[in-house]
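Residue strings, one per chain:
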Amino acid sequence: MKLSGLVKVPYSKRSDAGLHHHNQASHPAAFAAGSVSAIQGLSGNSVLVENTCGKWVRRTASTHAELRRQYRALQLLPHSLAPAHVFMSRPWLYVEWVEGQVAASWPPADVLARTLSLLHHQPLFGWRIVLLPLLQRYWQNAAPSRRTVLWLAQLKKCQRFREPGPIRLAPLHMDIHPGNIVHQGNKVRLIDWEYAGDGDVGLELATLAIDEPPQFAACVASYARQMHLNEVILGQQINRWLPWVNLLMASWYEYRWQQTQSSEFIQLADQAWCRLKHT
């Protein structure tokens, strides 16, 4: 589920006739001198639109409902935390291009904890993140040759025990990693909200624990203080979510490999299965 970065790869504007037609119809003068560049990432759902008026990210999604949820999330979130929404016209959502630096490393623990606390203090989006249907869909749509005994056993285990009960419900980003963090001085903003929804704060922190940033323990301690949560109980909750998150990531990589046949996803899936064996 992790996106690999924000490297722009130029391609001809003529290759996106639908976007060109829409831009001309909606903003003919503003987009006349525009250009479009791909934003490289594992999901492949974004392009950068540049013209004389500025820069926007054009996003798409598998369904219109998913796109509407992204649009709604950006409407609700403060611009200090997330990109501003610009407009939506099916099947595209245009959002602000966030200027700043995307680093390969994580921000300092206090900055990351403050960002998470700010997000988790926002009003709920209005839709819950439920992992089991996603896990079942990824299993059903994976390559039959990749459906292993380990995978089936882990899926049945999740079906039997169900998700951990939340210690606190909050709006979650669900794809926080260095490639989705834009540094602006001593502050950061989060981009790529396609997986956002309401869920347990322990689930969000478990997605960070997968990457094991060196400052993770300090981040959890700082976050617990800011959220007025017991650090020990929070740590236990994170550990309860780790098998779910590892299975989610491995399943998503398998699902994406079946869609793209890219060997990159097989390598990422194999790494995720290896982690799951030791969870």
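Residues numbered from 1 in each chain as written. Predicted model: local features only at pLDDT ≥ 70, side-chain atom pairs only at ≥ 80, totals over all residues. Heavy atoms only, no water.

Student: What is the right way to look at the packing of aromatic side chains in this model?
Tutor: Any pair of aromatic rings gets described here by the distance separating the centres and the angle formed by the planes. This structure, assessed with the given rule, holds 8 aromatic pairs. Consider the rings of Trp151 and Trp273, whose centres lie 5.2 Å apart with planes at 50 degrees: the pair is tilted. You can see Trp151 sitting in helix α5 (residues 149-161) and its partner Trp273 sitting in helix α9 (residues 263-277), a full 122 residues away along the chain. Judged by centre distance (6.1 Å) and plane angle (80 degrees), the rings of Trp252 and Phe265 are edge-to-face. Within this pair, whereas Trp252 is found in helix α8 (residues 231-260), its partner Phe265 is found in helix α9, the two being separated by 13 residues in sequence. (Phe/Tyr/Trp six-rings, centres within 6.5 Å; stacked < 30°, edge-to-face > 60°. Helix = DSSP H or I, 4+ residues; strand = E, 2+ residues; numbered from the N terminus.)

Student: Even after reading the chapter, I still don't get helix α7 (residues 216-227), so can you show me in this structure?
Tutor: Compared with the 16 Å implied by 1.5 Å per residue over 12 residues, the 16 Å span of α7 between its first and last C-alpha is a close match. Every buried residue belonging to α7 is among Phe216, Cys219, Val220, Ala221, Ser222, Tyr223, Ala224 and Met227, and all of these are buried. In the segment just after α7, His228 is the residue with positive phi, at about 55 degrees. (Expected span 1.5 Å × (residues − 1). Buried < 20%, exposed > 50% of the residue type's maximum accessible area, 1.4 Å probe, protein only.)

Student: Before we go on, may I ask you to explain the side chain of Asn246 in this structure?
Tutor: Mapped onto the elements, Asn246 comes out in helix α8. By relative accessible area, which is 4% here, Asn246 ends up buried.

Student: Honestly, the nonpolar core in this entry has me stumped. Any pointers?
Tutor: One broad rule of soluble globular proteins: the nonpolar side chains tend to lie buried together. Judged by nonpolar contacts, the single largest core of 75 residues is most densely connected at Leu116, Trp193, Leu203, Tyr223, Leu234 and Ile238. Among the elements that make up this core, the one with the highest residue count is α8 (14 residues). If near-sequence neighbours (up to four positions away) are discounted, Leu203 is found in contact with Ile129, Leu131, Leu172, Met174, Trp241 and Val245. (Core = buried A, V, L, I, M, F, W, Y, C linked by side-chain atoms within 4.5 Å. Contact = heavy atoms within 4.5 Å.)

Student: Mind showing me how you'd approach the confidence of the model for the protein chain here?
Tutor: Predicted coordinates in areas of low pLDDT are best not read in detail. For the protein chain, the average pLDDT comes to 85, and 84% of its residues sit at 70 or higher. Ignoring residues within four places in sequence, the model shows residues 2-33, a span with pLDDT below 50, making 72 contacts including any to other chains. (pLDDT = per-residue confidence, 0-100.)

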